[in-house]
Amino acid sequence: MGRIMAIDYGKKRCGIAVTDPLKIIANALCTVDTAQLEKFVKDYVAKESVETIVFGEPKQVNGEESETMRSIKPLVERMRKALPAVKITFYDERFTTKLALRTMIDGGLSKKGRNNKNGTLDKVSATIILQSYMESTEYQL
C-alpha cells in the first residue's frame, strides 16, 4: 500500500503532507522551497511508496482558475512523465489557508508561531488539503 501526498503549492515554498502507509491519518511532513519541489518529490517517492500525489488546486472564489495554476500545470506534467506509476491529481484548495490559520489560532499557537517564515501555515494547509481529499467521495479506500 502506498501513501498519499498532498502539496500546497506556493510561489516561494510548498507545504507537504503525507498519510501513514495505511492511509488513515494525514500528517504534516515539511515545507520545501518551490524551486526544489520536483527534486524533493522524486526523491521521496524513490524512498517511500506513494500511490497518489494531490496538488491543491488554486481557484478564484468564482471557481475560475487562478494565476498560480499556470505555474503548477507544467510541473504536474513533468512529474506525471517522471513518475508514471503515481496518480497525480488536483483537489480544490479554496479557503485552505484561512482554515489553516483558524486551526492554528484555535490550537493556541502564538502569533510568533503563526508567522509563516517557518512554513507552519504551508504544512497545515497541505494537511487540510490531504484530509479533505481523503474525506471526499473522490478517494475510496
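The preceding data block contains the structure.
None of these values were measured; they are calculated from a predicted model.

A.B. asks: How would you explain the sheet that holds strand β4 (residues 50-57) if you had to name every residue and give the values?
C.D. replies: Strand order across the open sheet formed by five strands is β3-β2-β1-β4-β5, with mixed pairing between neighbours. Each edge of the open sheet is held by one strand with a lone partner, namely β3 (26-33) and β5 (87-92). Neighbour-to-neighbour, the strand axes of this sheet turn through a mean angle of 25°, independent of strand direction. Where strand β1 (residues 3-8) meets strand β2 (residues 13-19), four bridges bridge the pair, whose relative direction is antiparallel. For I7, the partnering residue across the bridge sits in β2 and is I16. Contacts between helix α2 (residues 69-82) and the sheet are confined to β4 and β5, with β5 contributing the most and set at about 160° to the helix. Against the sheet, helix α5 (residues 120-135) touches β1, β2, β3, β4 and β5, its axis set at about 40° to β2.

A.B. asks: How would you explain the pattern of salt bridges if you had to name every residue and give the values?
C.D. replies: Per the counting criterion, the structure on display carries seven salt bridges. A salt bridge links R3 to E48; the nearest nitrogen and oxygen atoms lie 3.2 Å apart. Residue R3 is found in strand β1, and its partner E48 is found in the loop between α1 (37-47) and β4; the two are separated by 45 residues along the sequence. Classification of R3 by relative accessible area gives buried; the value is 16%. Here the salt bridges do not stand alone but share partners, grouping E38, K42 and R78 into one network.

A.B. asks: With reference to specific residues and values, describe unusual backbone geometry.
C.D. replies: A positive phi angle is found at K23, which is not glycine, with a value near 60°. Residue placement: K23 occurs in the loop between β2 and β3.

A.B. asks: Can you explain the packing of aromatic side chains? Please cite residues and give values.
C.D. replies: Applying the stated rule across the entire model yields three aromatic pairs. Consider the rings of F55 and F90, whose centres lie 6.3 Å apart with planes at 45°: the pair is tilted. Of this pair, F55 sits in strand β4 while F90 is found in strand β5, placing the two residues 35 residues apart along the sequence. Each member of the pair, F55 as well as F90, is classed as buried. For the ring pair Y91 and Y133, a centre distance of 6.0 Å and an interplane angle of 85° mean the geometry is edge-to-face. Here Y133 lies in helix α5 and Y91 lies in strand β5, a separation of 42 residues in the sequence. The same class applies to Y91 as to Y133, namely buried.

A.B. asks: Pulling in residues and values, what's your account of α1?
C.D. replies: At 3.6 residues per turn, the α-helix brings residues three or four places apart onto the same side. Residues of α1 that are buried: L37, E38, V41, Y44 and V45. Angular distribution of buried residues about the axis of α1 spans 135°; they occupy a single face of the element. Turned more than 90 degrees off the buried face of α1, the exposed positions are K39, A46 and K47. Structurally, α1 contributes buried residues whose contacts are with β1, β2, β3, β4 and α2.

What counts and how
Residues numbered from 1 in each chain as written. Predicted model: local features only at pLDDT ≥ 70, side-chain atom pairs only at ≥ 80, totals over all residues. Heavy atoms only, no water. Pairing = 2+ DSSP bridges. Helix = DSSP H or I, 4+ residues; strand = E, 2+ residues; numbered from the N terminus. Axes fitted to C-alpha atoms, helices over the stretch in contact; angles between N-to-C directions. Contact = heavy atoms within 4.5 Å. Salt bridge = Lys/Arg side-chain N within 4 Å of Asp/Glu carboxyl O. Buried < 20%, exposed > 50% of the residue type's maximum accessible area, 1.4 Å probe, protein only. Phe/Tyr/Trp six-rings, centres within 6.5 Å; stacked < 30°, edge-to-face > 60°. Arc of directions from axis to C-beta.

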